[in-house]
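Topology and contacts: notes
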Amino acid sequence: MATCGEAGEGCKKAGMPTWVPPRPLGEGGLTEMMDRMYPLKVFNSLTRTKTRFVPKDSNRVLWYMCGPTVYAPSHMGHARTYLHFDILRRVMTDFFGYDVSLCMNITDIDDKIITRANEGGQNYRELAAHFEEDYMQDMALLGVRAPTVVTRVSEFIPEVVEYIQGIIDNGYAYESNGSVYFNVQSFEGKKGHAYAKLLPEGVGNGELMAEGEGALSLGAGDKRSSGDFALWKRSREGEPSWPSPWGDGRPGWHIECSVMASATFEGMGDGTMDIHSGGVDLKFPHHDNEMAQAEAKYDCCQWVNYFLHTGHLHIKGFKMSKSLKNFITIKQALQENSPRQIRLLFLLHKYNTPMDYGDDAMSGALAAERTFSEFFHNVKAALRRTTARDPARTKEPELALMSSLSDAKKEVKKCLCDDVDTPGAMGALQELVKNVNKYIEAKERAGEPIVADCVRGAAEYVTKIFKVFGLASPGPALGFSQVGDAGVGGDASGEGGEASREAILGPVLDVLSEFRDKVRGCGRAGDTKGVLAACDHVREELLPGVGVRLEDKGDQAVWKLEDPAVLARERQQREQEQLRRLEAKAETKRKAAEKEARKKIPASEYFRGLKGEDGKALYTQFDDNGVPTHDAAGEPIVKDKKVKKEWEAQNKLYNNALAKAKK
Ligand SMILES: [Zn+2]
């Protein structure tokens, strides 16, 4: 801290005190500046290290992801890739604020699709369209955001042909017997090119190569070398085909991604990209071939800056495979668990480490769901109980809670910067939840109200991160998305669902729980009258406050919804009416008492006691019988008929009462 009077580099104008500019950078200098500008580090498969993520064009991120080959229902292996990359994309967009454009392809021309369609006597396009819709539906159920751009290979055939021609022209591919193959040997080492950047150890692995080439490939004898791979495949009878300079055929598998990513990103930049992602199984040959093709076409050396891969998925400890019959479709998984529970499971596992989908792993996700649900319920209940009459001043426990929130924020940020470590971030949130729960419990034990703002701040932060993770919908409500919906933060669905439910039900539930407390108390004390009083109280006081008019109809009550203001006015009128009746009753009673008192006064005394409104005597002089002769002012009373008559009436009243009393 600079001491006062220290001039430093501060600017000083005549007559003005010295102002020292803040210095954001410490000893770290450039590294610290880079950390601030580019805080995120990702595990780049191209370096096999965590590297700083620096987008090419300021805040813009161009991202290509290999999509599904649509010939069968999607399974948990797909979820592993697309749900985890959905989480990554949400974190990059909603936490780090990047403007992400995600392009994903749909492989709708493929040997597997052709084989399946032929088996069922179906049109291959129809089969592909059916499973594409099925896939999109599954992703929507899981709350996976739709890509920015979807590309189908069937819509890019002319671009594919042109691209392949470009590779041939550059000398990296050759035609053979109606098919075109990539020439690995002519590419490797030329102009700085490298083949199999991701998995050099995969080169020469016949099994992986064969899988990449597809089951319907023609004789390997057409290739100059076994390591070469197909860019264009001559089609046989009954296989879909398109015209090309090399004869009728169809694209090889890998070429489509190079073409569609390049075409999409040429429209947004120079055809290269920041991120390419996919499942770990695609590293070789698919991803390596994609890069080789694009770098051969452009004669460039780095088509992709960051290659991200999700980890393997095991089912109850075993690798998912057809031979083990342990394939679990997404729809089957959704019968067992909600989308929210599945997403929690994924959040509790890092995107690029092996993950097991089984009972043990699921029980961890279910426990986390319970912890957070309880937390939100407790916080909301505690917030409802506090009023402006409760202390708001923060003392030691509140300061500790605020510091715990600040620690959680730092830790979550640290974890997300560290290759999007969501399990670490979830751990930090759980620690915060534990501290808030402890604070609320301690306050409850001491019978003291909570300081609402501290608790609300913590719950809002957890909700904010849940929105980033896709666990909560947009909107002001605290906690998970609406109960009973898909259970995840669908971007359009469930907007304000929980908020409106709570806004509507909350006040009525407050009435219900207050009523229940009273009835329960009376029940325990055997106080029947108290129960009935509580019934009146809920009808007359509590329900009108929430806009409900409860009317007794015989033994049954009916409720009607009414504007609370109307009910309040009616209640005020009722109270005024009641007050008037009470006053009238009191007046009658007072008059009766006055009359009763008057009976006991002899006529000779009666007029002497009469007083006017000003408290002065009404008459000043009387005759022997007590009949007034002079008024208040001392003037003689001339017309005395009325006074005489009144005297006689009093005399009669007194004598009658006397006679009655003597009997
Ligand atoms: Zn691909």
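Residues numbered from 1 in each chain as written. Predicted model: local features only at pLDDT ≥ 70, side-chain atom pairs only at ≥ 80, totals over all residues. Heavy atoms only, no water.

1. A few points about the overall build of the protein chain
Worth spelling out the cut-off: Note on conventions: DSSP H or I runs of at least 4 residues are helices, E runs of at least 2 residues are strands, and numbering of each starts at the N terminus. For the radius of gyration, the atoms used are the C-alpha atoms, and the globule rule reads 2.2 Å times the number of residues raised to 0.38. Three labels apply to residues, based on accessible area from a 1.4 Å probe with only protein chains included: buried if under 20% of the type maximum, exposed if over 50%, partly exposed otherwise in between. Should any heavy atoms of two residues lie within 4.5 Å, those residues are counted as being in contact. Only the protein chains shown count as cover for residues, with accessible areas throughout obtained via the Shrake-Rupley method and a probe of 1.4 Å. Positive: Lys, Arg. Negative: Asp, Glu. His and the chain ends are not part of the count. A charge is said to be at NZ when it belongs to Lys, at CZ for Arg, at CG for Asp and at CD for Glu.
Scanning the protein chain from N- to C-terminus turns up 20 helices and 18 strands. Against the globule reference of 26 Å for 663 residues, the protein chain gives a C-alpha radius of gyration of 43 Å, more extended than a compact globule. In terms of overall dimensions, the protein chain has a C-alpha envelope of 155 × 85 × 45 Å along the principal axes. Buried positions account for 42% of the 663 residues belonging to the protein chain. Put simply, 66% of the contacts in the protein chain that link residues at least 6 apart link residues at least 24 apart. When the accessible surface of the protein chain is summed, it comes to about 35,400 Å², and 53% of that surface belongs to carbon and sulfur atoms. In the protein chain, 90 side chains carry a positive charge and 96 a negative one; their mean positions are 10 Å apart.

2. Quick notes on the coordination of the zinc ion
Test applied: Ligating atoms shown are N, O and S within 2.8 Å of the metal, or 3.2 Å for Na, K and Ca, and water is not included, meaning a site may look less than complete. Angle rules define the geometry names used: all angles between 85 and 135 degrees makes four donors tetrahedral, while opposite donors over 155 degrees apart and all other angles between 65 and 115 make four donors square planar and six octahedral, leaving every other case irregular.
The coordination sphere of the zinc ion contains the protein donors C66 (SG), C257 (SG), H286 (NE2) and E290 (OE), at a distance range of 2.0 to 2.3 Å. Coordination at the zinc ion is irregular: its four donor atoms span angles of 80 to 131° at the metal. Between consecutive donors of the zinc ion, the numbers of intervening residues give the motif C-x190-C-x28-H-x3-E. In this pair, C66 sits in the loop between β3 (60-65) and α2 (76-95) while H286 sits in helix α9 (residues 283-298), placing the two residues 220 residues apart along the sequence. H286 matches C66 in its accessibility class, with the two residues each being buried.

3. Regarding the sheet that holds strand β11 (residues 304-310)
Here is the rule: When DSSP finds at least two bridges between two strands, those strands are taken to pair. Fitted lines through C-alpha atoms give the axes, limited to the stretch in contact for helices. The angle between two N-to-C directions lies from 0 to 180 degrees.
Taken together, five strands build an open sheet; the order of strands is β5-β4-β3-β10-β11 and the sheet is parallel. Two strands lie at the open edges of the sheet, namely β5 (149-152) and β11, each paired on one side alone. Going across the sheet, the axis of each strand differs from the next one's by a mean of 20°, ignoring polarity. Across the sheet, α9 is in contact with β3, β10 (273-279) and β11; its angle to β10 comes to roughly 160°.

4. Section: the pairing of β10
Consecutive side chains of a regular strand alternate in pointing toward one face of the sheet and then the other. Where burial is concerned, most of β10 is hidden: seven out of the seven residues are buried. In this structure, β3 lies alongside β10, joined through three bridges in parallel fashion. Within β10, the position partnered with M65 by the bridge is S277. Where β10 lies against β11, six bridges are found, and the strand directions are parallel. The residue of β11 that forms the bridge with G279 is T310.

5. Some remarks on the confidence of the model for the protein chain
Operational definition: Values of pLDDT, the confidence the predictor places in each residue, fall between 0 and 100.
The predicted model of the protein chain averages 89 in pLDDT, with 94% of residues at 70 or higher. Low confidence marks residues 482-487, where pLDDT is under 50. Its contacts with residues over four positions away, or in another chain, come to 13 contacts. Overall, residues 489-496 carries pLDDT values under 50, and its contacts beyond four positions in sequence, including any with other chains, amount to 16 contacts.

6. Considerations on unusual backbone geometry
Here F284 and P285 are connected by a cis peptide whose omega angle stands at 0°. Within the fold, P285 resides in helix α9. Even without glycine at this site, N177 takes up a positive phi of about 55°. Structurally, N177 can be placed in the loop between β6 (173-176) and β7 (179-182).

7. Focus: the side chain of D110
Rules: Distance and chemistry together define a polar contact, namely a pair of N or O atoms within 3.5 Å, with one atom able to donate a hydrogen and the other to accept it when in protein, and with adjacent residues in sequence counting only for side-chain atoms on both sides.
Locating D110 in the fold gives a position in the loop between β4 (99-106) and α3 (111-119). At a separation of 2.7 Å, a polar atom in the side chain of D110 contacts the main-chain amide nitrogen of K112.

8. A short note on the pattern of salt bridges
The criterion, for reference: One speaks of a salt bridge when a side-chain nitrogen belonging to Lys or Arg is within 4 Å of a carboxyl oxygen belonging to Asp or Glu.
The full count for this structure, using the stated rule, is 43 salt bridges. With a shortest N-O distance of 2.9 Å, D418 and K50 are connected by a salt bridge. Here the residue D418 occupies a position in the loop between α13 (396-417) and α14 (422-445), and K50 occupies one in strand β2 (residues 49-52), the gap between them amounting to 368 residues. Residue classification places K50 among the partly exposed residues on the basis of a relative accessible area of 45%. With its nearest N and O atoms 2.8 Å apart, the salt bridge here joins R90 to D86. Of the two residues, R90 and D86 are both situated in helix α2; the distance of four residues between them amounts to about one turn of the helix. For D86, a relative accessible area of 3% puts it in the buried group. Linked through salt bridges whose partners overlap, the residues forming this network are D111, K233, R236, E239 and R250.

9. Examining the sheet that holds strand β13 (residues 318-319)
Across the sheet, which stays open at both edges, the three strands sit in the order β13-β12-β14 with mixed pairing between neighbours. The strands lining the two open edges of the sheet, one partner per strand, are β13 and β14 (355-357). Note that strand β12 (residues 313-315) and β14 share three bridges and pair parallel. Its bridge partner being in β14, I315 is matched across the sheet by Y357.

10. Observations concerning a nonpolar patch on the surface
Worth spelling out the cut-off: To count toward a patch, a residue needs a relative accessible area over 30% and no salt bridge; like charges are then connected within 9 Å, while nonpolar side chains (Val, Leu, Ile, Met, Phe, Trp, Tyr) are connected within 5 Å.
Taken together, the side chains of I504, L505, L509 and L512 make up a nonpolar region of the molecular surface, amounting to roughly 390 Å² of accessible area. Structurally, the position occupied by L505 is in helix α16 (residues 497-525). According to the relative accessible area criterion, L505 is partly exposed, its value standing at 38%.

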